[in-house]
Amino acid sequence: MESPTARLFVAMLFNEGAIGLYITLWPLYIAELGASPPEIGLVLGYAGLIRLLALLPSGVLSDRIPPRRLIFATRCLAALGLALCGLAKEWWQLLPATTIFGVGVLAFPALSSMIAGMSAESAQRTRNFTLVYTVAPSIAFLVTPALGGLIAELVNLRATLFGAALLTGIAAVILATVQPSAVERSATPAVSYLAALRYRPILLVSLMMLGTITFLMLGWALVPNFLQEVHGLEFQTIGWLGSLGAGGSVMLSLLISRVRAFQSPFHGLALALASVIGGFAVLLLGGAIWAFALAYVLRGGFLVAWSVFYAAYGEVTPEGLRSRVFALAEILGSAGTTAAPFLAGWLYAVDPRLPLVLGLGAALPLLVAALGLGRRFHSPRTVPVAAMTD
């Protein structure tokens, strides 16, 4: 594990494996602690709000604190927050625990800047982002959601959170061993988020990212509750379905890397959106386990859609704006995951299918917009969004 990219890859296997261990069953755990659907949405949205607030000073912190120190400290806080979530006795006790956990997101703008600085060559930079932010999470999610479902059946839902805390701590230790490259930091003066958004390509990508994450999250936020309460699925089965989503991400990544038509970041985004739209439709129309399995495979487009925005930002962002833009990407993702669960909880209380219907309805114009951005920013120098190592 001599290469910094290899160390980051292994660290993300543990970090994303931790998330996979509990995230599929997380809404069910909140419900088990006595929360109603709107209260579940409150907890999910509050976690996103904390991440959003924590990210606001992240660009400044990334400029002033050595990246290894910042990443290690904040991921240790994330591990502590997960452990406290596992100790909660009432649903409202999750709020202070997720406050501590949410601060851990401060690591990711610094991590993104570190990855961007590992190579001055565009294709290699995209490859590094894909390995760390798409391939490693997809591999981890092939195993840990199903493992989390098994742990929940054999032990309890709390055990998944304690396991996630352990894996997050291991990831923090590995991340602390990564030495930043000499080209990581730009010599140009730092700029504000507003100045970055005045650059029109960044503004367009940012609006697209906010809309995509918000509405895809809206549709998927309470799907585990939908499958349990409407269709009677058990914890273990829902966990197994969560692992299938990672398989879908891997297949989409391979497709994007091998088919030239999808090798623009925005065309790759369009493919990912089309996949998630199909997943929404199958969940709304299907009633058999094979249909749910297909829907989760198609859900793999969500992870690809999220990660492809980092490559899209890399295509349109001048080097001097990088530190703010990667922090901005995390802020927008957190904003989307903050707003969507609040709305999803209230819609679910009216009809469990409403979040899926609205998510599907909003994703269709987003697909059209992605194709439009693909035409606008088309370049013969565009490199594969999901290029895998040979």
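Every value quoted in this text rests on a predicted model; they were computed, and no experiment measured them. (Residues numbered from 1 in each chain as written. Predicted model: local features only at pLDDT ≥ 70, side-chain atom pairs only at ≥ 80, totals over all residues. Heavy atoms only, no water.)

Considerations on the overall build of the protein chain
Just so we agree on the cut-off: Put simply, DSSP H or I for four residues or longer makes a helix, DSSP E for two residues or longer makes a strand, and each gets a number counted from the N terminus. Per-residue accessibility, obtained with a 1.4 Å probe over protein chains only, is compared with the maximum for each type, and a residue is labelled buried under 20%, exposed over 50%, and partly exposed between these values. Any pair of residues with heavy atoms lying within 4.5 Å of one another is described as a contacting pair. Areas reported here follow the Shrake-Rupley algorithm with a probe of radius 1.4 Å; residue values treat only the protein chains shown as occluding.
When helices and strands are tallied, the protein chain shows 17 helices and zero strands. By residue count, 57% of the 390 residues in the protein chain fall in the buried class. Considering only contacts within the protein chain whose residues lie at least 6 apart along the sequence, 86% involve residues at least 24 apart. Of the roughly 15000 Å² of accessible surface on the protein chain, a fraction of 68% belongs to carbon and sulfur atoms.

Describing a nonpolar patch on the surface
Put simply, the rule reads: Exposure above 30% relative accessible area and the absence of a salt bridge qualify a residue for a patch, where like charges join within 9 Å and nonpolar side chains (Val, Leu, Ile, Met, Phe, Trp, Tyr) within 5 Å. We count a salt bridge whenever a side-chain nitrogen from Lys or Arg sits within 4 Å of a carboxyl oxygen from Asp or Glu.
A cluster of nonpolar side chains, namely I139, L142, V143, L147, L150, L154 and V155, defines an oily patch on the protein surface of about 620 Å² accessible area. Tracing the backbone shows V155 in the loop between α8 (122-154) and α9 (157-175). The exposed category is assigned to V155, whose relative accessible area is 56%.

A look at the nonpolar core
To be explicit about the condition: Residues grouped as a nonpolar core are buried Ala, Val, Leu, Ile, Met, Phe, Trp, Tyr and Cys residues, joined through side-chain atoms within 4.5 Å.
Counting residues in hydrophobic clusters, the biggest one holds 116 residues, and the most contacted among them are L8, W26, L94, L111, Y133 and L227. Among the elements that line this core, the one with the most residues is helix α15 (residues 289-316), at 14 residues. Each residue touching L94, except ones within four places of it in the same chain, is listed here: W26, Y29, I30, L33, V43, C85 and A88.

Notes on helix α17 (residues 354-376)
Applied cut-off: Helix span is expected to be 1.5 Å times the residue number reduced by one.
For α17, which comprises 23 residues, the first-to-last C-alpha distance of 34 Å matches the rise-based estimate of 33 Å (1.5 Å per residue) to within 8%. Listing the buried residues of α17 in full gives P355, L356, G359, A362, A363, L366, L367, A370, L373 and G374.

Here's the deal with the side chain of N225
Summarising the element assignment, N225 is placed in helix α12 (residues 223-229). Excluding residues that lie within four positions of it along the chain, N225 makes contacts with P27, L28, A31, I40, V230 and Y348.

Describing the packing of aromatic side chains
Each aromatic ring pair is specified by the distance between its two centres and by the angle formed by the two planes. The cut-off we apply is this: Two aromatic rings from Phe, Tyr or Trp, using only the six-membered ring of Trp, form a pair when their centres are within 6.5 Å; if the ring planes differ by under 30 degrees the pair is stacked, by over 60 it is edge-to-face, and anything between is tilted. We count a charge as sitting over a ring when the NZ of a lysine or the CZ of an arginine lies within 6 Å of the ring centre and within 35 degrees of the ring normal.
All told, the structure shown has five aromatic pairs when counted by the stated rule. Aromatic pair Y22 and W26: ring centres 5.7 Å apart, planes at 85 degrees, arrangement edge-to-face. Judged by relative accessible area, which is 7%, Y22 ranks as buried. These aromatic residues form a ring-pair network of at least three members: Y22, W26 and Y29. Above the ring of W220, the side-chain terminus of R299 is found at 5.2 Å from the ring centroid.

Notes on the confidence of the model for the protein chain
Operational definition: The score called pLDDT rates the predictor's confidence residue by residue, from a low of 0 to a high of 100.
Summarising the model, the protein chain shows a mean pLDDT of 85, and 89% of its residues fall at 70 or more. Of all secondary-structure elements in the protein chain, the lowest mean pLDDT belongs to helix α4 (residues 58-64), at 73, while α9 reaches the highest, 95. Scored below 50 in pLDDT, residues 183-187 shows 13 contacts in the model against residues more than four places distant or in partner chains. For the stretch residues 380-390, pLDDT sits under 50, and the model shows 34 contacts to residues farther than four places along the chain or on other chains.

Looking at the packing of helix α14 (residues 265-285) against α15
Put simply, the rule reads: Axis definition: a line fitted to C-alpha atoms, limited for helices to the stretch in contact. Angles are taken between N-to-C directions and run from 0 to 180 degrees. Should an angle fall under 35 degrees it is taken as roughly parallel, and over 145 as roughly antiparallel, whereas 65 to 115 is taken as roughly perpendicular and any remaining angle as oblique. Less than a right angle of anticlockwise turn of the near helix away from the far helix marks a crossing as left-handed, whereas a clockwise turn marks it as right-handed. Gly is placed with the polar residues, together with every amino acid not listed as nonpolar (Ala, Val, Leu, Ile, Met, Phe, Trp, Tyr, Cys and Pro) or charged (Asp, Glu, Lys and Arg).
Where α14 contacts α15, the axes come no closer than 7 Å and their chain directions differ by 155 degrees. Judged by the angle between their axes, α14 and α15 are roughly antiparallel. The crossing of α14 and α15 is left-handed. In terms of residue class, the contact of α14 with α15 is built from 19 nonpolar, four polar and two charged.

Regarding the packing of helix α13 (residues 235-258) against α14
Interaxial distance between α13 and α14 falls to 11 Å at its minimum, and their mutual angle equals 150 degrees. When the axes of α13 and α14 are compared, the crossing they make is right-handed. Contacts between α13 and α14 involve L252, L255 and I256 from the former and G268, L271, A272 and S275 from the latter. Broken down by class, the residue content of the contact of α13 with α14 amounts to five nonpolar, two polar and no charged.

Details of α14
Here α14 spans 31 Å end to end across 21 residues, near enough to the 30 Å set by a 1.5 Å rise per residue. When you tally the buried positions in α14, you get 15 out of 21 residues, the bulk of the element.

Observations regarding the environment of P37
Note that P37 resides in helix α3 (residues 37-55). For P37, a relative accessible area of 25% gives the class partly exposed. Taking the C-alpha atoms as reference points, P37 and W346, separated by 309 residues in sequence, lie 7.0 Å from one another. Once residues within four sequence positions are removed from consideration, P37 is found in contact with G345, Y348 and A349.

Remarks on the side chain of T144
Here T144 is to be found in helix α8. Ignoring sequence-local partners within four residues, the contact set of T144 consists of E16, G17, G20 and L21.

So, the environment of L13
Tracing the backbone through its elements, the reader meets L13 in helix α1 (residues 4-23). A residue is classified by how much of its surface remains accessible, and L13, at 26% relative accessible area, is partly exposed. Taking the C-alpha atoms as reference points, L13 and A136, separated by 123 residues in sequence, lie 5.2 Å from one another. Apart from the residues lying within four places of it in its own chain, the contact partners of L13 are A136, I139 and A140.

Considering the environment of A291
Summarising the element assignment, A291 is placed in helix α15. Taking relative accessible area as the criterion, A291 reaches 2% and is therefore assigned buried. Through-space distance from the C-alpha of A291 to that of G279 is 9.2 Å; in sequence the pair is twelve residues apart. A291 has contacts with V282 and G286, leaving out every residue within four places of it along the chain.

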